[in-house]
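Topology and contacts: notes
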Amino acid sequence: MKDRYDVIVVGAGPAGSIAATNAAKKGLSVLLVEKRQEIGAPVRCAEGVSKLRLQQHIEPDEKWICSEVKGAQIIAPNGITITMSEENAGSEVGYVLDRKVFDRALTEQSAEAGAEVLVKARVTGLIIENDTVCGVNLMYHGEMHTIRSSIVIGADGVESKVGRWAGIDTSLKPSQIETCAQFLVSGTGIDQQFCYFYIGNEVAPAGYVWLFPKGNDLANVGIGILGNRSGSRKSIDLLTDFVEKNIPEGRIIERVAGAVPASGPIERTIANGMMLVGDAARHSDPFTGGGISNAMDAGMMAAEVAAKAISAGDVSEKMLQEYETCWRETIGKDIRNSLIVKDTFFNLPDEDLNCLAESVKDVDFDKMDFIVLVSALFKSNKKLLWNLRPLFTQKLKQKFSARGIFRK
């Protein structure tokens, strides 16, 4: 370990590892630090990811792919099942990973690119001089170290201290965080070609239950509910009830719990000499809770801007604004749209959810386009369509801008 690097990345999850890999590939000296003693553990993730988006960052390897699914099934409170193809099911459907092995593979990729990796290394604070982040204070092997850098990239998850230390408000209200629990269950008996999502206030108030197949009749069975809607019943209690009722022959092998930000974009993710990525920047999808794809994309963007800033000898917030603009114009648009969906659907009673499922149950989602979906929803619930009008307006602009309409 040196006393100075071009870039220090705090957190070795997908966002941090991808940032470290891309920064090292651009010739920067990089230190990647992880507070846990083991990369990828404990797993606090449903482990689903889009094939296409993952392949933009790492070559798929059967060592960390548990199953390959072809679509998703959404089960309404009344039992109506909507089947969606992989392409239409969102960025969490495609591969189901073994995150312990996957995260280690990403970190190995960082090391191979030239980054130095430290585990069981806890950042205790930032070095801030002249209102600029210029390194970290680090506890490693029982000793304190002061390590300087041109840029610090905070990839330290939902509880991000890096952001707070740099003066960014990363606080979350109960309505902006999903409390989650997940069991690894054997003997599920599910079709391993699909991911399953159960919606409804009975099974998961302001959230949903998921089943993600992991091969050999194993599945991640989890639940996420908004913190302000959990009431007296904890997510783990609701999940236990669901498993007992729907998977009576299932056997619980592992149990984990955690939290996922569901706030949508925060006000800023940069400061002089610092950028936030992944859950630390609230890049997770506020409706589904999925965050692997967005985290990797953000990590790559941050590395590219870091290389430009260091080359120019300017790591000011103004210079790093390119990163802020880049992610907001790409993954940020989807995050904002998803927040609209979250705020609408998580307030619907089960009767409305059943009505919506009824209205689209005969839609062929392999051939569906946006107008067909809007039409079906409009016939079902005009009030819902009004609530979703910002999302539909954005989607229509995207659709027609390709035809020369709405272009600036």
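Because the structure is a prediction, the values reported are computed rather than measured.

**So, the packing of aromatic side chains**
According to the stated counting rule, one finds 7 aromatic pairs in the structure shown. Judged by centre distance (4.9 Å) and plane angle (65°), the ring pair of Trp64 and Phe102 falls under edge-to-face. Pair noted here: Trp64 is in the loop between helix H2 (51–55) and strand S4 (65–68) and Phe102 is in helix H3 (residues 99–113), with a separation of 38 residues, a long-range link. Residue Trp64 is classed as buried on the basis of its relative accessible area, which comes to 2%. Take Phe102: its relative accessible area is 0%, and that puts it in the buried class. Relative to Phe212, the ring of Phe197 lies with its centre 5.6 Å away and its plane at 85°, an arrangement referred to as edge-to-face. Highlighted residues: Phe197 in strand S13 (residues 194–199) and Phe212 in strand S14 (residues 207–215), separated in sequence by 15 residues. For Phe212, a relative accessible area of 2% gives the class buried. A cation over an aromatic ring shows up here: Lys51 above the ring of Tyr95, its NZ or CZ 5.7 Å from the ring centre. Positioned over the ring face of Phe183 is Arg255, at 4.8 Å from the centre of the ring.

**Some words on the pattern of salt bridges**
The final tally for this structure, using the stated rule, is 14 salt bridges. One salt bridge in this structure joins Glu159 and Lys35, with 3.2 Å as the shortest N-O distance. Remark: Lys35 occurs in the loop between strand S2 (30–34) and strand S3 (48–49) and Glu159 occurs in the loop between strand S11 (143–154) and helix H4 (161–165); sequence separation between them is 124 residues. Residue classification places Glu159 among the partly exposed residues on the basis of a relative accessible area of 36%. For Lys35, a relative accessible area of 46% puts it in the partly exposed group. The salt bridge involving Asp343 is made with Lys342; its shortest N-O contact spans 3.9 Å. Accessibility expressed as a relative area gives 43% for Asp343, which makes it partly exposed.

**Overview of helix H7 (residues 317–329)**
An α-helical turn contains 3.6 residues, so a residue and the one three or four places further along point in the same direction. Taking 1.5 Å per residue as the helical rise, H7 with its 13 residues ought to reach 18 Å, and the 18 Å between its terminal C-alpha atoms agrees with that figure. Along H7, the positions that sit buried rather than exposed are Leu320, Tyr323, Glu324, Trp327 and Arg328. Taken together, the buried residues of H7 touch S11, strand S17 (270–271), strand S18 (274–276), helix H6 (292–312) and helix H8 (331–345).

**Focus: the sheet that holds S4**
Read from one edge to the other, the open sheet built from 3 strands follows the order S3-S7-S4, with strand pairing classed as antiparallel. Here the strands that pair on one side only, and so sit at the sheet edges, are S3 and S4. For S3 and strand S7 (residues 95–97), the ladder comprises 2 bridges, and the chain directions are antiparallel. For Gly48, the partnering residue across the bridge sits in S7 and is Val96.

**A word on the sheet that holds strand S12 (residues 177–186)**
The 7 strands are arranged S6-S5-S13-S14-S15-S12-S16 in an open sheet whose pairing can be described as mixed. With one partner strand each, in any of the chains shown, strand S6 (81–85) and strand S16 (251–261) form the two edges of the open sheet. Pairwise comparison of adjacent strand axes, ignoring direction, gives a mean angle of 20° for this sheet. Pairing geometry for strand S5 (residues 71–75) and S13, over 5 bridges, is parallel. Counted as the bridge partner of Gln73 is Tyr196 from S13.

Each value, and the rule that gives it
- Residues numbered from 1 in each chain as written.
- Predicted model: local features only at pLDDT ≥ 70, side-chain atom pairs only at ≥ 80, totals over all residues.
- Heavy atoms only, no water.
- Phe/Tyr/Trp six-rings, centres within 6.5 Å; stacked < 30°, edge-to-face > 60°.
- Helix = DSSP H or I, 4+ residues; strand = E, 2+ residues; numbered from the N terminus.
- Buried < 20%, exposed > 50% of the residue type's maximum accessible area, 1.4 Å probe, protein only.
- Lys NZ or Arg CZ within 6 Å of the ring centre and 35° of its normal.
- Salt bridge = Lys/Arg side-chain N within 4 Å of Asp/Glu carboxyl O.
- Expected span 1.5 Å × (residues − 1).
- Contact = heavy atoms within 4.5 Å.
- Pairing = 2+ DSSP bridges.
- Axes fitted to C-alpha atoms, helices over the stretch in contact; angles between N-to-C directions.

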